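If you want the building blocks of each chain, they are given just below.
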Amino acid sequence: MDRQRIQDNFIDYQAGKLPAHESAKIRELLKTSLDCQREWADLQKTLIALDKLPEPEPSPRLRANFNLWLEEAQAELDAPSPFTLARSRIDSFFAALLPSRPALQFALTVVVLILGVVAGTRLLPTAEPQIIVQTDPATQQELADLRAQMESMNRVVSTQLLAQPASNRLQGVIAALNEGEANDRTLARLLNTLAFDPSVNVRLTALEALYAHVDLAPVRAGVLNALPRESSPLVQVAMIDFVVASRDDGAEAALDSLTRNPATNDVVREAARRGLVRLGAS
Amino acid sequence: MDETSDHDLMLAVRAGELGRLGDLFERHHRPLYGFLARLIGDRDAAEDLVQIVFQRILKYRHTYRDEGKFSAWMYHLARRVAADHYRRSARQGDATDPADFDRVSDDGARHAGETAAKRDDLDVMQNALACLPTEQREILILHRFQHLPHQDIARLLNISTGAAKVRVHRALAALRDRFFQLSGRSASA
């Protein structure tokens, strides 16, 4: 055993914690080795001096301070939080305000509920459809004039067109078709027929009559205006042919608008596309 | 006498019975004070540190584990409080750092050796202990004065039991050498 090991074992030996065979070995060394005897003596002296050191004693201040602090900590723990305090005050307020008997509390609740419903139905505004009001007087006047003109024109056209049978109206258009030089009144009547006549045949005949006057800008403009409003795909396709043939400046835009409109009939859309191709190729 | 164990008292404190902390204080404040006073070498400061340890026991009561041993946990907190004290003292320039103990020891060794013959062994031992590095002084205090078994010391220092045993022995050897050096006598070695 080296010296360090011996010293380490001295402490366990003294404490009686060494196995029997190691204790016997140290006992033997202590009998025979002078160095071990000195080592043992030094250790004993050191341990005796160490164990004799007085235990430091705290002053009474320590206990007093601790007790004071503990009281404060206890008080802090027992003190209700601000939230709890506020809630208890609110509870106390309502406890003082409301009746204590459950039957009376229930009755009071019902009364308050009824009062609330009545007040709500009387005081709250009822939901009404929202009306957009034009605040600009000039715009309002303009809209009223336009509405009046439209109604007037509808009445006139309807009266003129519907007052006579379709065959008579067709005859009138054919007569215009045969006129060599149509005046403005005749052209206006043809355009009105194209736009408003309820018969597809009459409108197609009117359009055919207008072919002779395609070089006139008002005629081209009238057909272009009637094109998006036309309800019959058959007439619309015929109008597209007219528009392409007219080479009017607004033709391309009108046909393009038709192709982009999702409500356009597929046949009409295809005819418009072909018309655009023809316009572009020319 | 109250037979309630430290563990049960601490569980009560953890459950909110702060008054039981007073019982723990009565049981442990003296040895705890002895540990801290010997460790930092300042009796007044040690009283403050004892109070801080109990404040931390209350503050961290929810971290106390059911399987834990109260004294080991308390000394664990005490060591951290002492470490905070060392750091605070170092910042303020009046450090009681282990290095300072070594320096004081080396500077005063000759003077101590000259006068040691006139002093009794207890004074010399007091100085010898104070001159040890903090780690060795701490482990000796835990072992010889606080009577913690090697297993608890090992858990406290986060080392193996064997390593704790060796460190105790090494610290004791260093103390013996310092003790005889300050006594003006040479050890047998």
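Residues numbered from 1 in each chain as written. Chains lettered and ligands numbered in written order. Predicted model: local features only at pLDDT ≥ 70, side-chain atom pairs only at ≥ 80, totals over all residues.

A. Up close: the overall build of chain A. Tallying secondary structure elements over chain A gives 14 helices and zero strands in all. Along its sequence from the N terminus, chain A presents helices and strands in the succession α-α-α-α-α-α-α-α-α-α-α-α-α-α. Counting across all 282 residues of chain A, residues that qualify as buried make up 19%. Partitioning the contacts of chain A with sequence separation of at least 6, the portion at a separation of at least 24 is 52%. (Helix = DSSP H or I, 4+ residues; strand = E, 2+ residues; numbered from the N terminus. Buried ≥ 20, exposed ≤ 12 C-beta atoms within 10 Å, placed from the backbone. Contact = placed C-beta atoms within 7 Å.)

B. Fine view of the interface of chain B and chain A. Facing 31 residues of chain B, the contacting portion of chain A comprises 28 residues. When residues in the side of chain B that touches chain A are grouped by element, the largest group, nine residues, is from helix α2 (residues 19–40) of chain B. Residue composition of the side of chain B that touches chain A, by class: 17 nonpolar, seven polar and seven charged. (Nonpolar A, V, L, I, M, F, W, Y, C, P; charged D, E, K, R; others polar.)

C. Representation of helix α1 (residues 6–14) of chain B in the model. Residues and elements named next belong to chain B. Among all positions in α1, only L9, M10 and V13 are buried. Taken around the axis of α1, the buried residues stretch over an arc of 95°, which confines them to a single face. Structurally, α1 contributes buried residues whose contacts are with α2 and α4 (70–92). A positive backbone phi angle near 115° is found at G16, which sits one or two residues after α1. (Arc of directions from axis to C-beta.)

D. Focus on the environment of H76 of chain B. With respect to the helices and strands, H76 of chain B occurs in helix α4. Along the chain, H76 of chain B and I153 of chain B lie 77 residues apart, while their C-alpha atoms are 9.9 Å from each other.

E. Representation of the nonpolar core. Core analysis: the biggest nonpolar cluster contains 49 residues, and L36, V53, A78 and L175 of chain B have the highest contact counts within it. Taken domain by domain, the makeup of this core includes at least three residues from each of domain 1 (6–92) and domain 2 (98–183) of chain B. When sequence neighbours within four positions are dropped, the list of residues in contact with L36 of chain B reads A46, L49, V50, A78 and A82 of chain B. Of all hydrophobic cores here, the second largest spans 27 residues; its members include V219, A226, V235 and V268 of chain A. (Core = buried A, V, L, I, M, F, W, Y, C linked by C-beta atoms within 7 Å. Domains from an automatic or database assignment.)

F. Main features of helix α4 (residues 60–78) of chain A. The end-to-end C-alpha separation of α4 of chain A is 27 Å, in line with the 27 Å expected for 19 residues at 1.5 Å each. Within α4 of chain A, only one of the 19 residues are buried, which leaves the element largely exposed. (Expected span 1.5 Å × (residues − 1).)

G. Representation of unusual backbone geometry in the model. Although it is not a glycine, R247 of chain A sits at a positive phi angle of roughly 55°. Examined against the element boundaries, R247 of chain A turns out to sit in the loop between α12 (233–246) and α13 (251–260). Located in the positive-phi region is N158 of chain B, a residue other than glycine, with phi close to 60°. Within the fold, N158 of chain B resides in the loop between α8 (150–157) and α9 (161–183). Here N158 of chain B falls in the exposed class, since 8 other C-beta atoms lie within 10 Å of it.

H. Quick peek at the environment of E135 of chain B. Looking at the secondary structure, you find E135 of chain B in helix α7 (residues 134–145). Spatially, the C-alpha atoms of E135 of chain B and R167 of chain B are 9.3 Å apart, while their sequence positions differ by 32 residues.

I. Focus on the packing of α7 of chain B against α9 of chain B. Residue and element names in this part refer to chain B. Packing of α7 against α9 leaves a shortest axis separation of 9 Å and a crossing angle of 110°. In terms of orientation, α7 lies roughly perpendicular with respect to α9. On the side of α7, the interface is formed by Q136, I139, L140 and H143, while α9 contributes R167, V168, A171, L172, A174 and L175. Partitioned by chemical class, the residues of the contact of α7 with α9 number seven nonpolar, two polar and one charged. (Axes fitted to C-alpha atoms, helices over the stretch in contact; angles between N-to-C directions. Parallel < 35°, antiparallel > 145°, perpendicular 65-115°, else oblique.)

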